[in-house]
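# Inside the fold
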Number of protein chains: 2
Amino acid sequence: MKKPFIFITNDDGVNAKGLAHLIEAARPHGRILVIAPETSQSGMSHAITIASPLFLRSVRKEPDLEIYACTGTPVDCVKMAFDHLLKGKKVDLVVSGINHGTNSAISVLYSGTMGAAIEGSFYGVPSIGFSLLDFLPDADFEAATIHASQMIGQILEKPIELPLCLNVNIPIGRPEEIKGVRVCRQSKGYWKEEFYCRKDPRGRDYYWLTGNFQNDEPDAPDTDEWALKHGYISVVPIQVDMTDYRQIDPLKQRLGHRE
Amino acid sequence: MKKPFIFITNDDGVNAKGLAHLIEAARPHGRILVIAPETSQSGMSHAITIASPLFLRSVRKEPDLEIYACTGTPVDCVKMAFDHLLKGKKVDLVVSGINHGTNSAISVLYSGTMGAAIEGSFYGVPSIGFSLLDFLPDADFEAATIHASQMIGQILEKPIELPLCLNVNIPIGRPEEIKGVRVCRQSKGYWKEEFYCRKDPRGRDYYWLTGNFQNDEPDAPDTDEWALKHGYISVVPIQVDMTDYRQIDPLKQRLGHRE
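Along each chain, numbering runs from 1 in the same order as the chain's sequence is written. Working convention: letters from A go to chains and numbers from 1 go to ligands, in the order in which they are written. Only residues with pLDDT of 70 or above have their local features reported here, since the model is predicted, and side-chain atom pairs are shown and tallied only from 80 upward, although totals for entire chains, interfaces and linings are computed over all residues.

### Considering unusual backbone geometry
A:Ile98 follows A:Gly97 through a cis peptide bond whose omega is -15°. Its location among the elements puts A:Ile98 in strand β5 (residues 93-100). At the junction of A:Leu162 and A:Pro163, the peptide bond is cis and its omega measures out at -5° in the coordinates. A run of H or I in DSSP becomes a helix once it reaches four residues, and a run of E becomes a strand once it reaches two; helices and strands are each numbered from the N terminus. Here A:Pro163 shows up in the loop between α5 (142-156) and β7 (165-170). Positioned with a positive phi, A:Ala105 is a non-glycine residue whose angle comes to about 50°. For A:Ala105, the location among the structural elements is in the loop between β5 and α3 (107-110). Judged by local crowding, A:Ala105 falls into the buried class, with 29 C-beta atoms found within 10 Å. Notably, B:Asp64 is not glycine yet its phi reads approximately 65°, a positive angle. Relative to the elements of secondary structure, B:Asp64 occurs in the loop between β3 (56-62) and β4 (65-70). Neighbour density around each residue's C-beta defines its exposure: 20 or more other C-beta atoms within 10 Å make it buried, 12 or fewer make it exposed, and counts between make it partly exposed, where C-beta atoms are placed from the backbone.

Below, the structure written as structure tokens:
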């Protein structure tokens, strides 16, 4: 039987430690193609590059592992894989990460890691984004790597209902400290920002984004934030129908809907 | 009574024709602050600028209208407004656009116009993203301007349940050709891409993204794509819980969920 084919990308760029660990986690499970951004694309969400062309650079080629770098966003990398390099080829799994930093709750919207995972699921392939709750470049990825490898095996094991896209977040800790996996819903809450304001060398004001997540439901045990706070890995299945169905009828009245 | 306060942004940049028309549409309804990107941010989705600082430039200041340009993304512009310039000030409405080009169906995920509108709704303010189905720089915005102005009035008229974020798309046509407004759900479907591949002046291959939307349900009259195709303005209320609730139980089994 042919080994599964796995496509890997990330948003921290082709040189990120988290990417090397995701390759390590996936390698026992199949043949691998990586297309990762040349540079950090943290916070790039579902962005695509429309106004300029993309370049692709071969980084490494060995049996069952090819790595490319792409000048675009994480979503561009996925499109480059499916619509160019792999055109028509069967892909069994898309994995993105392992991100340096959390992508739980509303961060799914801002995350390049999850942008890529969501895009992967559009091609009819199960898709997982992995994030570690440690943004440091030299974060300890050992527990994350063990659990990512296990989860990749569990998803590849037998067919699963599609579309499937998982937002997986892994708490900081040594492998023995992780309590296990919880399948959750996305916590409600938002990022409250502040801008660092300083003067540049030419006296111009500049503003640098910084912020904190405000959890609107810290005590809800079915949420990803609760799981992470209590030492579990959180898994949130993601779908992309953003319609707010509760608002449809009130709006029909307000806006004079035409039948 | 104090005039409503309206914040405006877009993704085509501070010089876009669509922005000028949205200001025209909003002006009769209140006092206006605009922070728009310095450059085109089309396809920037919910991206934020983390790795570099932002600059803000005053473009115009007159009674009840101030315009700034910001070096960041559309979402950065919203954060810059609420967390810096307007800190603590009451805002009655956020409007984004009028985008040059469609943002219906799954395009809501890629759209900088809608990224900004969604971000606006996080601040507890009703929020509307307007898009015209014509991407040309000199598109005819007359019908879009009339209907945007009317809808701004309808939303400001009396309190509405929050959060509220609307994805409004307007078909191409003269004002008398628009059949009215339909409140819809987001169509199912995806963008099928192709890359233009060419050689640059130095002989390197480059790739330029292009694509077509594939509508999975062209005959569903409750969808935005159907409304637009039949000459109506589509309004889709947007929410941000991306959890795929149907997948939670099957995944609990597959992944060994810990209670």
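### Overview of the pairing of strand β2 (residues 31-37) of chain A
All names here are of chain A. A large share of β2 lies buried, amounting to five of its seven residues. For two strands to be treated as a pair, DSSP must find no fewer than two bridges joining them. Note that strand β1 (residues 5-9) and β2 share four bridges and pair parallel. Each residue of the ladder has a partner; that of Phe 5, found in β2, is Arg 31. Seen with its strands pointing away from the viewer, a crossover is right-handed when the path leading from the first strand over the helix to the second is clockwise. Handedness of the crossover joining β1 and β2 through helix α1 (residues 17-26): right-handed. Pairing of β2 with strand β4 (residues 65-70), which is carried by six bridges, proceeds in the parallel orientation. Opposite Leu 33, over in β4, you have Glu 66 as the bridge partner.

### Notes on the environment of B:Lys3
Residues and elements named next belong to chain B. Along the chain, Lys 3 turns up in the segment before β1 (5-9). Owing to 12 C-beta atoms within 10 Å, Lys 3 belongs among the exposed residues under this scheme. Sequence-wise, Lys 3 and Arg 182 are 179 residues apart; in three dimensions their C-alpha atoms are separated by 29 Å. Contact between two residues is assigned whenever their backbone-derived C-beta positions fall within 7 Å. Lys 3 has contacts with Gly 30 and Arg 31, leaving out every residue within four places of it along the chain.

### Quick notes on helix α5 (residues 142-156) of chain B
Any helix carries an expected span of 1.5 Å times its number of residues minus one. End to end, α5(B) covers 21 Å across 15 residues, agreeing with the expected 21 Å (1.5 Å per residue, within 8%). Every buried residue of α5(B) is accounted for by B:Ala144, B:Thr145, B:His147, B:Ala148, B:Met151, B:Ile152 and B:Ile155. Where α5(B) is buried, its residues contact α7 (248-255) of chain A together with α1 (17-26), β5 (93-100), β6 (127-132), β7 (165-170) and β11 (233-237) of chain B.

### Let's talk about the packing of helix α2 (residues 74-85) of chain B against helix α4 (residues 112-121) of chain B
Residue and element names in this part refer to chain B. In contact at an axis separation of 7 Å, α2 and α4 are set at 30° when each is read in the N-to-C sense. Put simply, α2 runs roughly parallel to α4. The element α2 and its partner α4 pack so that their crossing is right-handed. Of the residues in α4, those touching α2 at Pro 74, Val 75, Cys 77, Val 78 and Lys 79 are Gly 112, Thr 113, Gly 115, Ala 116, Glu 119 and Gly 120. In the scheme used here, Gly and all other residues not listed as nonpolar or charged are polar, with Ala, Val, Leu, Ile, Met, Phe, Trp, Tyr, Cys and Pro taken as nonpolar and Asp, Glu, Lys and Arg as charged. A class-by-class count of the residues in the contact of α2 with α4 yields five nonpolar, four polar and two charged. Axes, fitted as lines to C-alpha atoms, cover a helix only where it is in contact. Angles between the N-to-C directions of the axes lie from 0 to 180 degrees. The labels follow the angle: roughly parallel below 35 degrees, roughly antiparallel above 145, roughly perpendicular from 65 to 115, and oblique for the rest. By convention, the crossing between two helices is left-handed when the near helix turns anticlockwise from the far helix through less than a right angle, and right-handed when the turn is clockwise.

### Quick notes on the sheet that holds β5(A)
Spatial strand order, β3-β4-β2-β1-β5-β6-β7-β11-β8 (chain A): nine strands in an open sheet with mixed pairing. Only two strands of the sheet have a single partner each, and these edge strands are β3 (56-62) and β8 (181-183) of chain A. Averaged over all neighbouring strand pairs, the angle between strand axes comes to 20°, with direction disregarded. Here β8(A) runs beside strand β11 (residues 233-237) of chain A; their pairing, made up of three bridges, is parallel. Within β11(A), the residue paired with A:Val181 across the bridge is A:Ile233. In the packing of helix α7 (residues 248-255) of chain B onto the sheet, the strands contacted are β8 and β11 of chain A, and the crossing angle to β8(A) comes to about 165°.

### Considering the relation of the copies chain A and chain B
Between the two copies, chain A and chain B, the superposition gives an RMSD of 0.0 Å; the rotation angle is 180° and the shift along the axis is 0.0 Å. As the rotation angle and translation indicate, the two copies are arranged about a two-fold axis. A symmetric contact is evident, with 100% of the interface residues of chain A recurring at the interface of chain B. Superposition of the copies was done by least squares, using only C-alpha atoms of residues whose pLDDT is at least 70 in both.

### Section: the pairing of strand β9 (residues 189-199) of chain B
Two faces, one strand: in a regular strand the side chains alternate between the faces of the sheet. Residue and element names in this part refer to chain B. Bridge analysis of β9 against strand β10 (residues 205-215) gives 11 bridges, and the strand direction is antiparallel. Bridge pairing links Tyr 190 to Gln 214 in β10. Counting the residues in the hairpin turn of β9 and β10 gives five residues, including Gly 203, whose phi is positive at 85°.

### Here's the deal with the interface of chain A and chain B
Contacts between chain A and chain B engage 68 residues on the former and 69 residues on the latter. Of all elements in the fold, only α2 (74-85), α3, α5, β8, β9 (189-199), β10 (205-215), β11 and α7 of chain A reach the threshold of two or more residues within the side of chain A that touches chain B. Top element by residues in the side of chain A that touches chain B is α7(A). It accounts for six residues. When the residues that make up the side of chain A that touches chain B are grouped by side-chain class, the tally is 38 nonpolar, 16 polar and 14 charged.

That is the geometry; function is a separate question.
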